[in-house]
Amino acid sequence: MAEAANQRRGSMTSESHEFDRRNRLSARKITLRSSDGETFEVDEIVALKSQTIKHMLEDDCADNGIPLPNVTSKILAKVIEYCKKHVETLKTDDRNGNNKLKSWDTDFVKVDQTTLFDLILVANYLNIKSLLDLTCQTVADREDLSSGKMIDSAKECEGLYYFEEANEALKIPEWREAVMEEMCALEKNGTWDIMNLPIGKKPVGCKWVFSVKY
C-alpha cells in the first residue's frame, strides 16, 4: 500500500509540474509579424506548435518579434486559430476531446483551393507537422483537386512559364497545383522525416522542374 501511495504522489507531482510548465508558457507572449506587416500576439505555448518558431525562440531571436516573410496575415490568422484549438484541447481532460478535435479539423479545412494550398505551404514553412498532414490529406481526399482535373486545367495554359523564384511560379494556379500534389504525395508516402539540422551541417538544395505537356 505504501508503494502504491508513493506512485500516486509521484504521478500527482509530475502532473503538477506539467501544469505549472503550461501556465508559464501561457503567461509569456510572443509577437509574430506577417509578410504584410500585421502583428499577432500569441501565448508561447501556442507558438511552440511550430518547430520553426521554437528554434527561433531557442536561439533568442524573438526579442523584437518574429518576422514571417512567407506568411500573409490571412493565413497566419488561420494557423494561429488551428494551433490555439489544439493547445486548448490538450489542456482539457474531456475523453471525447480527440473526437471533437477531429470534427473541428474537418470543418477547419473546408476552405477554398487557394487558401488550402497556402495552408500547406505555411505548415511546411513553419514545420507544423499535424497541420501539414491534415491539409495534405484533405487535398488527397477532395475530388475537385484530383489529378484529372489538374491536368485538364494545365492544358488550358497558353504558354510555358519559367521563373527564377519559387514564389513567382506559385502565382500560376497550374504550377501551384502541380507542386502541391507532388508535396502531398511525398508527405503521404513518408518520403522524408522532418528533423533539426545537425550542428556544423548544411542542407542539400534541390530543384523541381515542371513543364506543360501537350
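What counts, and at which threshold
Residues numbered from 1 in each chain as written. Predicted model: local features only at pLDDT ≥ 70, side-chain atom pairs only at ≥ 80, totals over all residues. Heavy atoms only, no water. Helix = DSSP H or I, 4+ residues; strand = E, 2+ residues; numbered from the N terminus. Expected span 1.5 Å × (residues − 1). Buried < 20%, exposed > 50% of the residue type's maximum accessible area, 1.4 Å probe, protein only. Contact = heavy atoms within 4.5 Å. Polar contact = N/O pair within 3.5 Å; in protein donor to acceptor, adjacent residues only side chain to side chain. Pairing = 2+ DSSP bridges. pLDDT = per-residue confidence, 0-100. Salt bridge = Lys/Arg side-chain N within 4 Å of Asp/Glu carboxyl O.

Relative to the 27 Å expected for 19 residues at 1.5 Å per residue, helix H4 (residues 73–91) spans 27 Å between its end C-alpha atoms, a close match to the ideal helical length. Turning to H4, its buried residues are Ser73, Ile75, Leu76, Lys78, Val79, Ile80, Tyr82, Cys83, His86, Val87 and Thr89. If you follow the buried residues of H4, they end up packed against strand E1 (29–33), strand E2 (39–43), helix H2 (44–47), helix H5 (97–108), helix H6 (113–125) and helix H7 (129–141).

Another aspect to go through is H6. The terminal C-alpha atoms of H6, which comprises 13 residues, lie 18 Å apart, in line with the 18 Å expected from a rise of 1.5 Å per residue. Taken as a whole, H6 has its buried residues at Thr115, Leu116, Phe117, Leu119, Ile120, Val122 and Ala123. Among the residues of H6, the N-terminal cap falls to Asp112, whose side-chain oxygen and the backbone nitrogen of Thr114 are separated by 3.2 Å. After H6 finishes, the residue Asn127 shows a positive phi value of roughly 55 degrees.

What follows covers the pairing of E2. Looking at chain direction, E1 and E2 are connected through 5 bridges and run antiparallel. Across the sheet, Lys29 pairs through a bridge with Asp43, a residue of E2.

Within the chain, residue pLDDT values average 75, and 64% of them lie at 70 or more. Ranking the elements of the chain by mean pLDDT puts helix H8 (residues 147–154) last, at 43, and E2 first, at 95. Across residues 15–19 the pLDDT falls below 50, and counting only partners more than four positions away or on other chains, this stretch makes 0 contacts in the model.

So, on to the sheet that holds E1. Pairing within the open sheet is mixed, and its 3 strands lie in the order E2-E1-E3. The sheet is open, and its two edges are formed by E2 and strand E3 (66–67), each paired on a single side.

Between side chains of opposite charge, a pair can form when the charged atoms approach closely. Tallied over the full model, the rule gives 4 salt bridges. When the shortest N-O distance is used, the salt bridge between Asp43 and Lys29 registers 2.3 Å. In this pair, Asp43 sits in strand E2 while Lys29 sits in strand E1, placing the two residues 14 residues apart along the sequence. Asp133 is the partner of Lys129 in a salt bridge, and the nearest nitrogen-oxygen pair spans 2.9 Å. Taken together, the residues span about one helical turn, with Lys129 and Asp133 both in helix H7 at a distance of 4 residues. When its relative accessible area of 29% is taken as the criterion, Asp133 is described as partly exposed.

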